[in-house]
Each structure stands twice: as C-alpha cells, then as structure tokens.
Amino acid sequence: MNNAVNDGVWSGSWVAERLGVGLVGDDTLPALLGLALRRNPRRAHLLVSNVLGKHVPQSPAVVYEHGFRLGRRVAALLGAAEAGDAVVLGYAETATGLGHAVADGLGAVPYLHSTRRPVPGVAPAGGFEESHSHATSHLLLPQDPGLLAGRGPLVLVDDEFSTGNTVLNTIRDLHRRYPRERYVVVALVDMRSAADSARLERFAEETGARVDLVAAASGTVRLPEGVLEKGQRLVADHESAGSGTVVAAGARQPGSVTEVDLHWPAGLPDGGRHGFTPAHRARLEEALPAMAGRIRDALPAGARRVLVLGFEELMYAPLRLARRLEQEVDAEVRFSTTTRSPVLAVDDPGYAIRTRLVFPAHDDPADGPGERYAYNVAGAGFDTVVAVVDSVADTPALHAPDGLLAALAAHVPHVLLAVVPSYVPHAPERPVMLPEPLRGPAFSSYAPEEVGWLLQDLSGVTLEAPTEEREEAIQSGGAHYAESLPVEYQPSAQYQELFHAALEASAARIAQAVGVVTETVIAERSPRPVLVSLARAGTPVGILMRRWAQFRHGLELPHYAVSIVRGRGIDANALRWLADRHDPRDVVFVDGWTGKGAITRELAQAVEEFEAAEGVTGFDPEIAVLADPGSCVRTYGTREDFLIPSACLNSTVSGLVSRTVLRADLVGPHDFHGAKFYRELAGADVSVAFLDAVAARFPEAADAVDGAVKELLAADRTPTWAGWRAVERISEEYGIHDVNLVKPGVGETTRVLLRRVPWKILARKGAGADLDHVRLLAEQRGVPVEEADDLPYTCVGLIHPRYTRGATGADGRAVNV
C-alpha cells in the first residue's frame, strides 16, 4: 500500500488523471514522489515523498541513506577544507530528519533546524517565511549564538524545491545578519521552473555569494490552467462524501499501550532545534544500541510489521532508533512521523495518501489547538506502532480518549510509547569550580599519585583518521592537527625489541638527565615546585622528575599534565585551575625535549596573553626539558640529541593516553582540552616499565648528577636558538619553504615516522645505535635516509611537502619527489 508503485500503479496517477498534473524530468521521479491533494489556498497538489519518512512509511535504512548520500555529495563538492567549516540548516517540520542525515554524511559539522516552537528564554537568531506552507513562520533558536556567525559554507536542506522562495527568504535573512561567501542548497527533488532557477542565480549575483545546488533528482510539475480551483473543488467533493476519514477499526478490541523507558542520555539534545554538534552525535551513536534494544525487548512476541512513528519536528531521533531496530529484528520495520499538514486521503492504489488518523495537537503549540495527522498508518497491516515523542508532547492530550495513542490503538494491536526528554538550553556559565584532574586507573595506566590530568575524557568519541587523510587536511588548511588523532601505531616484534634494547642502553643516561634537570629546577625555580607537564611527551618526564625529587629529597611534588596546542596556545582553563590551587610562581612547565623551539615560543605567548586577560601573574613560561638539542631553553638535563626511548612509541609509553584534542564542537569555552584513554591497548603498555627502568638507575647516577649540576649552574646557558636557524636553512635547501614540515631531533623524527607522511630522513654521519629504530621505521615506510655532515641534530625528519594523498602509494609507503 505504501510503495511508490502499487501493482504497477504510480501513486500519483489518481491526481494526474483528474487534474492533468504531471511530473516532467528525471526517470527516477515517479519512484521518489507520489501526488495528493490538500485544502490550501496557495497550492492544491502535494508532492508526497516516498523516501522522506514523513507521510509514507518507509524502510528507515532507505530514509537515512538518501540524506546521508546527499551529504557525501556536498562534502565532495566543497572539498575537505570548506566541508570542515560548514554548518547545516534543515527546515521544519518536514526536513528536520533529512537535514540531520545530510549533516552526518557531510562529516563532523554542527547541525541546526528551524522550528515553529518558540522556547522561553532562547532568543531567535533569525527567522523567515515559507510562503506556500500551511504554517509559515520559522524560527532559528541555536543555543550557541555564534553557530550561524561563521564564515564557512551554509548548507540548507529541504525535502523539495518547488519555487525556491523559502531558500531565498532564508538566505536573505541570514546573509543580512551573517554574510558569508558560499551557500549550498540540498533537496531530494528540485522541481523549480526555469524562471525560479533564474531568480536564484540573480540573487547569487546580487549578493556576491556562490550558491550551489545538490538534489537527488530534478524536474518540474506540469500544472494545467485552473488547476488550483479544480483541485479545491475535488477536495471539497471528496470531503463531503466522507473520503479522507480514518479507516474503520472493525470489531476488534483496542490495542494495548505500553511505555518504554529509553534511558535517553542526560543532557543530549533530542534533535537539532537548538543545535546538534559532532560531540552530541558521538554520544547518540554510543547510546543507540542500548536504546533500540529496549524497544526490541518490548515488542510483542511474533511481531512481523512494526512502525516507528516520530512526532512532527522530532524526526531524527526516532529515525535512528528505527534504523537500529531494523538491523536487530526479523520483523519488517518502517518509519514515518505525524504532521501538522492537512492532506486529503483517498483509498486508491494510485493515490499517495491512502488513510489518515486525525487527533488533537498534544504539545500545547504556540499557534493554539488544532488537528494533527498520521498518514498511511491505519489499514497498513502494522501489528505494532512505536510512537516516539518528546517530553513537551507527553501531555494528557496525548493519552486522552481522542488522542494519538487511542487513535493508534484503535487500528493496531500493540502500541509502544517512548518519550525523549525535550532539550532546554541553558545560558553557558563559567563554572564556579573546574573539575578535578583525571587520574589512573580510570584515566591512564599511571598510578593516581604520579600525575593528575587536567583534561576531559573523550574516550567514547571516534577521533582517529588515516595518516594520509590527516596530512592532506592539515597542510591544505582544512583542519588543525589537534582536531583529530592519528591511528595509534602498534609496533612490530622487531620494533619492540629495538625499544627494549634502547631502553637498556640509555636508561642510565636518561636517569642522569632527569636528575640534572630536577636539581636545577629545585635550585633555581622553587624548593617545592609544582610540576606541570605538557601532555603527552612531557608526562613521562614529569613523573620521572617527581620520582627523583622523592628519591633524593623525600619530596612529594604535585604533578599535573596539561594540553598545549601549536597555534592555539595552552589550555587557559587548566591555568585557571592551577592558579586557584597553587602559587603560580611555583609552577614549572615540563616537556620531553626541544626541537626548533616552537612550543617554547607558543607557551611564552600563551602565558603572556592569559595573564593579561585574567589579571593573574607569576607563571614562568620557561620550559624545563630532559634534552635541549635545539638550544631553546635554560633549564635542561642535557643538550645532546640522543634517543629518549619514550619517543619511540605513542600512547603505550605515555600511560595509554592519546595526544590532546582541541576542537570547538568537543571542547567548550569552559572545558579542559580533551584526550582519549586507550584501555584496549593495555596488553602492549610499557609506560610503567619505562619509568621503573629509568628510576632503577637513579642511585648509580647520583654522583654524576651532583657534578653536572654544579657545572651547569655556573655555565652560560643562554639559548642560542641554533636549532631554529638550522631548521630554516634545511627548509630552504630542500625546497620545502615551511619550517613546520621540518622536524629536528631524534624524538621529532620518530614522531614524523609514526604519525605523519614522511618524505626523507637526514642523519648525521656516524650516528650509531640512537638511530636504529629510525632506520627500521624508515625502511618499513619506504623513506630514504640521507647522511649529512653539518647537522646540529643527530637526525631531522622531513614531512612530505606535497599535502595530497598522492604523497603515499597504495601500500602507505612514501613516494619520492
């Protein structure tokens, strides 16, 4: 009954035969659209989508995939750089779910849909009229006022374009408030006339903005003369004859109504009315299996045909629940929603709306009471309907004898009710108390006293991307390196052997460097320093310094790990937390090593800006490092460029914690930066083994440390920045012309091989075992190692200067240029 074609009959043929209305265009149009009639002074006919999930129950997979594929097409049209800055706007009520699916297909972008429901306390960020609709006023109510203020592309999604007026009204309103350079208009079908298309083109020329259009199919509606009046008479005749009433339920008893508690995640928006971020999507994805499982368990035994029925603007959440349910049960699952739109029902195979249920509005609408409708539900053979509404709509009217639930129960044996909490945004406030640090074993494999992480746990969010994809996005400007994570490199047995051999060979040297830098800090900076490691490479060093202070002086030093991001600065909330609990003059920032000094410069600028903004003074931005081969700092354990084994690995030598993440949709203005805890890698974890191996050599290093510190305190340690000058020279000599693609030192070279797209490795002539692991990784990735005479470092890693994915072959190995 609910397909595009019934027994060979197109579901628009009844209207076409009586009014002469026809579809002209792509061959796929009859499969996508049927026709119906409505009482409307502006337009008699209604294009009824067979794949939208509004009026015609459809497979949820079909509904979702149509939107998702459109999103993928938009992503291809925009390219990675622009797609990453896009915002998607869907239209209420019909396209709220479609727009959300388009946003999913586009990628990690925020989504907002217009609404006809005013929300007390939320000021509109815009509004517009939908001229042909039965209910015209659209409101834009984003929780974040800046959501629409960005300069990236705005993607506008509707189910169909008939004239383009709604799109023009939207763009006019928003362009006046938030001008931008590009818009993309998306629809399932584009049915505009040539004149309507020309109007949109003229509008684009007038505003100077680019307007692209993406549609699954296109064509026009052929409307004969006088069709509006003829259609109105036809509707009146059928309504007076009783057509359009609900299908009789017969003599059977009303069906049962059972409530299902979804356990919807607290604080997760029910849709895009106030904005839906990629972080929200990640939470929803995580919760969907359990929520759909509760619906599955509540289905009656033997259920064979199940409808998940959404509620007006609430389309996406029930769609995703239906799609998951469809994957888990043997029953045929369909999806549709209730609607405000009055449409004539005619029980004919050639008509798109065969039956309708009529019931009073049950959400206290702003425009007052009125009828609401559910189409093609009665008489469709469903043995179960799962009605999904938001809590604003879970009112006595919903449960009344003439309400929706009763109307459904009159025609379906089993009705389940699932209520999603209506999301009410609150004005963001700076928290009085920032959260306490994360600690092991809940976060990281380090003991809780070893380090407190001033981070938020993003372990449930998928952030990893292939190395080549990240490199292309980073170098093209389409993404910042801190917005995603590399896939964690898992070492081969041969590489693990190299790590353990390097640790055995260098543990004593590292122990001495730890002692020297710790003693220098205590002598010059503070007798009881607060160690603040720059996550994550600085964290093992900070723990070792803490252990040395305990070993030599019996001190139990506080130690924290914070995030600093090149180009974005240090986590200001972490500094606020530290200033609230410690004297900033005692804080010593710790890192593993220096390369060209980029983080040194970044920290100095960030601390200066923080103190100016917050009125806090006392933080010393000078970093204390284990090794300073770049001659960028005054406080160090050594300036030799030797292998620090913790540079050989990623999270498995850093407490199973990822590199830090800073992305606007995941980290709010009052949140700590984020990171992940890779619990699943516990079997390969050597984090504590590394610390124990070095700390075990503390006693034998004590005398050497005393002598080295005495010499160091008397020496001129003024930074020469020799490493920076070498990097600038190498960048020009090798035609790279970007110092960010030159990574000096053993540690940074190792990172290049593990996380980026390496081009070649420069090695100092005569470099020995310190480079064994570098040579092995280079061989595995097909990267040449070239010896050089005049390197101030043991080695230098060069990132591939071509940022396209062509920089590597199909096997992930480097392509030389």
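Reading the values: the criteria
Residues numbered from 1 in each chain as written. Predicted model: local features only at pLDDT ≥ 70, side-chain atom pairs only at ≥ 80, totals over all residues. Heavy atoms only, no water. Helix = DSSP H or I, 4+ residues; strand = E, 2+ residues; numbered from the N terminus. Buried < 20%, exposed > 50% of the residue type's maximum accessible area, 1.4 Å probe, protein only. Contact = heavy atoms within 4.5 Å. Areas by Shrake-Rupley, 256 points an atom, 1.4 Å probe, with all protein chains shown as cover. pLDDT = per-residue confidence, 0-100. Polar contact = N/O pair within 3.5 Å; in protein donor to acceptor, adjacent residues only side chain to side chain. Pairing = 2+ DSSP bridges. Expected span 1.5 Å × (residues − 1).

Turning to the overall build of the chain, a few remarks are in order. Within the chain, the regular secondary structure consists of 21 helices and 34 strands. The buried share among the 817 residues of the chain stands at 59%. Partitioning the contacts of the chain with sequence separation of at least 6, the portion at a separation of at least 24 is 77%. When the accessible surface of the chain is totalled, it reaches about 31000 Å², and 50% of it is carbon and sulfur.

We now examine the confidence of the model for the chain. Averaged over the chain, the pLDDT score is 86; the fraction of residues at 70 or greater is 90%. Long-range and interchain partners of residues 247-251, a stretch whose pLDDT sits below 50, account for 6 contacts in this model, where long-range means more than four residues apart. Below pLDDT 50 for its whole length, residues 427-431 participates in 5 contacts with residues either more than four positions away or in separate chains.

Moving on, we come to the side chain of Asp390. Here Asp390 lies in strand E18 (residues 384-390). In terms of polar contacts, Asp390 uses its side chain to reach the side chain of Arg117, at 3.1 Å. The residues touching Asp390, leaving out its near neighbours within four places in the chain, are Arg117, Asp270, Arg273, Phe311, Leu314, Val419, Val420 and Ser422.

With that settled, the discussion passes to the pairing of strand E27 (residues 587-593). The element E27 is extensively covered by neighbouring structure, given that 7 of its 7 residues are classed as buried. Sheet analysis places strand E24 (residues 530-535) next to E27, joined by 4 bridges and oriented parallel. Looking at E27, one finds that Val532 is bridged to Phe589. Across 4 bridges, the pairing between E27 and strand E28 (residues 623-627) is parallel. Considered in E28, the bridge of Asp591 is made with Val625.

Taking 1.5 Å of rise per residue, 16 residues should cover 22 Å, and helix H14 (residues 538-553) covers 22 Å from first to last C-alpha, within 8% of that figure. Burial analysis of H14 places 12 of its 16 residues in the buried class, which makes it a mostly covered element. Among all positions of H14, only Gly538, Thr539, Pro540, Val541, Gly542, Ile543, Leu544, Met545, Arg546, Arg547, Trp548 and Ala549 are buried. Downstream of H14 by one or two residues, Gly554 has phi in the positive range, about 70°.

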